[in-house]
Amino acid sequence: STQSRSSAASDVYKRQYAEGWRIEQVERKIPAEDPLALTIGSLKLSSKIDRIDRRGGIIRVIDYKAQGGDVKTPAKTHFGPASSGWIKEASVMVAGKKGPSEKSWKELQLPLYRRIAEVLYPDQEVRTAYFILAADPSESRVEEFELTDEQMTSADGCARAVAELVENEVFWPPRHHSGTWDDPFEAFFINGNPEKCFSAETIARLKGRKGDVAS
């Protein structure tokens, strides 16, 4: 319920306060036209950060996540299997119990938040985290997302690749569904095949001004 989640959030905040964290800013908005806006390629991003905490010289950017069922940590939401990477720049190496393994970026929110915060707070150590408001109040917590320099470099490269595709209006080929559940978009396509549902002219337009960018 909303009341139990509010109570759990209060308990989490009290623990964070006891650990020395203090709220620096809430709902910090940066419009795209702001000089501080993050620029990726030719794209300027607007952003709204839920909360920014400080502990001494450490800045922590927090995104609130109300979740039902199993808790999804930042690692679960940001990293997917290598096979799901639809561009080569999405590849990223992630440490595991059996050593590093190849994964793919499926979300870039927290790495981008970190880059934004590094502009807002130069020369400060910047961390990122989820404030998880779980269905089970005992699971509510702040879950930090630890990223290596190599992973941040990988995230930067992936973001630039996506920005280049958008800049050049490249929206083809479509990403094929590879999940374990039914594809919710299958009903819109003949036998689930997008290639049979668009004219050659439409596909050419979706390939953008530089169709070879997607190759």
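In case you missed it, the structure is sitting above this.
Once a new chain begins, its residue numbering starts again from 1 and follows that chain's sequence as written. Where totals are concerned, whole chains, interfaces and linings use all residues; where local detail is concerned, this predicted model gives features only for residues with pLDDT of at least 70, and gives and counts side-chain atom pairs only at 80 or more. Side-chain measures were taken over the full set of non-hydrogen atoms in the model, leaving aside hydrogen atoms and water.

Caption draft 1: Representation of the packing of aromatic side chains. Here a Phe, Tyr or Trp ring, Trp counted by its six-membered ring, pairs with any other such ring whose centre lies within 6.5 Å, and the pair is stacked when the planes are under 30 degrees apart, edge-to-face when over 60, and tilted otherwise. This model, assessed by the stated rule, comprises four aromatic pairs. Each ring, one from Tyr13 and one from Tyr17, has its centre 6.2 Å from the other, and the planes form 50 degrees; the classification is tilted. Taken together, the residues span about one helical turn, with Tyr13 and Tyr17 both in helix α1 (residues 2-18) at a distance of four residues. Taking the centre distance of 5.0 Å and the plane angle of 45 degrees together, the rings of Phe79 and Trp105 count as tilted. Taken together, the residues span a long stretch of sequence, with Phe79 in strand β6 (residues 79-81) and Trp105 in strand β8 (residues 101-105) at a distance of 26 residues. Categorising residues by exposure relies on relative accessible area from a 1.4 Å probe, with only protein chains included: less than 20% of the type maximum marks a residue as buried, more than 50% marks it as exposed, and the intermediate range marks it as partly exposed. Note on Phe79: relative accessible area 12%, which makes it buried. Relative accessible area serves as the criterion here: at 6%, Trp105 is assigned to the buried category. Among the aromatic residues, ring-to-ring pairing joins Phe79, Trp105 and Phe145 into one connected group. Put simply, DSSP H or I for four residues or longer makes a helix, DSSP E for two residues or longer makes a strand, and each gets a number counted from the N terminus.

Caption draft 2: Structural context of the sheet that holds β8. Think of it this way: DSSP has to see at least two bridges between two strands before they count as a pair. With respect to topology, three strands assemble into an open sheet ordered β6-β8-β7, the strand pairing being antiparallel. Looking along the sheet, the strands with just one partner apiece sit at the ends: β6 and β7 (91-94). This sheet shows a mean twist of 55 degrees between the axes of neighbouring strands, independent of strand direction. Both β6 and β8 contribute to a ladder of three bridges, which runs antiparallel. When the sheet's bridge partners are listed, Phe79 is paired in β8 with Trp105. Two residues form a contact once any of their heavy atoms are found within 4.5 Å. Between N-to-C directions, angles span 0 to 180 degrees; the directions come from axes that are lines fitted to C-alpha atoms, helices contributing only their stretch in contact. Most of the contacts of helix α4 (residues 149-167) go to β7, to which it runs at about 165 degrees, and overall it touches β6, β7 and β8.

Caption draft 3: Spatial organisation of the nonpolar core. Remark: nonpolar core denotes a set of buried residues (Ala, Val, Leu, Ile, Met, Phe, Trp, Tyr, Cys) joined through side-chain atoms within 4.5 Å. Phe79, Trp105 and Ile116 are the most contacted members of the largest nonpolar core, which totals 36 residues. Elements supplying a minimum of two residues to this core: β4 (47-55), β5 (58-67), β7, α3 (109-120), β9 (125-134) and α4. By residue number, the principal contributor to this core is α4, which donates seven residues. Dropping the residues within four chain positions of it, Phe79 is found in contact with Val92, Val94, Lys103, Ser104, Trp105, Lys106, Phe145, Leu147 and Gln151. With seven residues, the next largest nonpolar core counts Ala9, Val12, Ile62 and Leu133 among its residues.

Caption draft 4: Region of the structure containing the pattern of salt bridges. Throughout this description, the term salt bridge denotes a Lys or Arg side-chain nitrogen within 4 Å of a carboxyl oxygen of Asp or Glu. All told, the structure shown has 13 salt bridges when counted by the stated rule. Close ionic contact of Arg54 with Glu24 constitutes a salt bridge, the shortest N to O distance being 3.2 Å. In this pair, Arg54 is assigned in strand β4 and Glu24 in strand β1 (residues 22-30), connecting sequence segments 30 residues apart. Arg54 gets classed as partly exposed once you look at its relative accessible area, which sits at 24%. Classification of Glu24 as partly exposed rests on a relative accessible area of 35%. Between Arg51 and Asp53 there is a salt bridge; the shortest N-O distance is 2.8 Å. Residue Arg51 is classed as buried on the basis of its relative accessible area, which comes to 3%.

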